[in-house]
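Survey of secondary and tertiary structure
The residues making up each chain are set out below.
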Amino acid sequence: MFDSIAIVGATGAVGRLIRDMLQEREFPYERITFLASNRSAGTTIGFKGEKHTVQELRPEAFSGIDLAIGSTPDPVAKEFVPWALERDCVVVDESGYWRMDPKVPLVIPEVNPEAVHEHQGIIASPNCSTTQMVVALKPLHDAGRVRRVVVSTYQATSGAGVGGQRDLEEGTRAALNGGSHKYETFAHPIAFNLIPQIGSQKHAGYTSEEMKMVYETHKILGDDTIRICPTCVRVPVSNCHSESISVETERKIGVDEARELFASFPGIKVIDDLPNGKYPKPSDCDGDDAVFIGRIREDLSCDNGLAFWCVSDNLRKGAATNAVQIAELLVRIQAAVG
Ligand SMILES: NC(=O)c1ccc[n+]([C@@H]2O[C@H](COP(=O)([O-])OP(=O)(O)OC[C@H]3O[C@@H](n4cnc5c(N)ncnc54)[C@H](OP(=O)(O)O)[C@@H]3O)[C@@H](O)[C@H]2O)c1
């Protein structure tokens with residue numbers, strides 16, 4: 001058990017969920033500290049029936065902390081993680097900053113839990129759109145070796161944090177009332193619209209979010225020969241990312257076999273009944289830790305192709321749940337070595 005833990009970015013969209021998750025999953029600890037920017041320092045957070053004052057994120061804040069779960073913007077993670085490591089504090093980090101560092105394991109507990117053992121003080125949790133796709137790909141890859149993936153995402157505004165949710169709500173209200181809203185998180189109006197750009201221009205016409213799906217999938221599955229073509233789109237849905245995924249495998253995996261593989265994989269729930277209009281929708285998956293899969297069918301455009309629809313709560317399995325599961329793995333490893 002870690003005696004003293006901290007949540008870094010405790011006031012953010014993911015940080016709030018991490019707080020809930022620690023309670024829900026009865027994560028063991030003696031003392032807890034909530035850290036955020038100087039904007040939130042001094043405000044209070046109610047947690048397990050007690051009021052806690054949010055502290056400003058500074059190097060000294062990590063003195064005496066054994067484990068920190070971080071969910072801050074990348075530049076903040078770049079700065080604070082070394083402060084924690086210098087003070088022997090282990091960090092589970094949600095940001096994108098450390099994920100591709102070769103010394104840092106990038107972990108989805110259902111997919112590559114063994115990677116946690118290699119950690120040197122920091123373990124990264126993947127991007128939300130990567131996590132749900134890789135959970136879905138893993139049983140197919142084990143059974144038939146995934147060779148190619150074409151994926152289009154339909155990403156909720158909560159993926160852009162508290163500011164993204166505010167832009168959707170206030171922008172929609174303003175549009176319905178005939179008024180205007182100054183979008184702060186998104187570069188274009190998101191109300192009644194789609195934005196086919198998430199992140200900055202990164203490589204060969206792909207965005208940073210799209211290339212995260214490529215690089216992180218290769219790292220987690222330990223196979224950089226898988227060819228991936230992602231298109232990431234922001235949609236006016238408050239929470240839960242959806243993905244349309246087409247996979248080509250070395251060995252053909254039929255629809256029935258795929259359904260069985262998905263259904264028996266930990267963390268996946270299958271809802272697949274097209275004649276009765278049953279398939280995963282963001283509104284059904286909100287607040288659930290699973291990766292939902294439906295619309296499983298043969299990809300008619302190639303020989304060994306399979307197409308399906310995948311939805312998951314980006315704030316939970318895409319972020320907070322995965323980070324807390326990693327922390328639980330660390331607790332189990334600690335207990336095992338005594
Ligand atoms: N949202 C998702 O679905 C999702 C999924 C996977 C990973 N992530 C990653 O998780 C991280 C957090 O995302 P989010 O959606 O929770 O964002 P958010 O709602 O904007 O929250 C950001 C958090 O970081 C804190 N913060 C910002 N600047 C800071 C600074 N200079 N010093 C200290 N703390 C600072 C904020 O504190 P204040 O409240 O004081 O500003 C807040 O607690 C990001 O790296 C994101 O890419 C997000």
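Scroll up a little and you will see the structure.
Below, the structure is looked at part by part. (Residues numbered from 1 in each chain as written. Predicted model: local features only at pLDDT ≥ 70, side-chain atom pairs only at ≥ 80, totals over all residues. Heavy atoms only, no water.)

1. Points about the site of the ligand
- Taken together, 28 residues form the shell around the ligand, and within it Thr11, Ala13, Ser37, Ser40 and Thr72 come nearest.
- With the chains in place, 80% of the 890 Å² that the ligand exposes on its own is no longer accessible.
- Listed by contribution, the elements that provide at least two residues to the shell around the ligand are helix 1 (13-24), helix 2 (74-86), helix 4 (161-176) and helix 8 (316-337).
- Looking at the shell around the ligand residue by residue, the class counts come to eleven nonpolar, 13 polar and four charged. (Near = heavy atom within 4 Å. Areas by Shrake-Rupley, 256 points an atom, 1.4 Å probe, with all protein chains shown as cover. Helix = DSSP H or I, 4+ residues; strand = E, 2+ residues; numbered from the N terminus. Nonpolar A, V, L, I, M, F, W, Y, C, P; charged D, E, K, R; others polar.)

2. Topic: the environment of Phe2
- Along the chain, Phe2 turns up in the segment before strand 1 (4-8).
- Its relative accessible area of 6% is what places Phe2 among the buried residues.
- The spatial distance from the C-alpha of Phe2 to the C-alpha of Asp223 is 33 Å, given a sequence separation of 221 residues.
- If we ignore the near neighbours within four places in the chain, the residues touching Phe2 are Pro28, Tyr29, Glu30, Asp66, Leu67, Leu330, Val331 and Gln334. (Buried < 20%, exposed > 50% of the residue type's maximum accessible area, 1.4 Å probe, protein only. Contact = heavy atoms within 4.5 Å.)

3. Concerning the side chain of Arg316
- Tracing the backbone shows Arg316 in helix 8.
- At 3.0 Å, the side chain of Arg316 and the side chain of Asp289 are in polar contact.
- In contact with Arg316, not counting residues within four places along its chain, are Leu17, Met21, Glu24, Gly287, Asp288, Asp289, Thr321 and Asn322. (Polar contact = N/O pair within 3.5 Å; in protein donor to acceptor, adjacent residues only side chain to side chain.)

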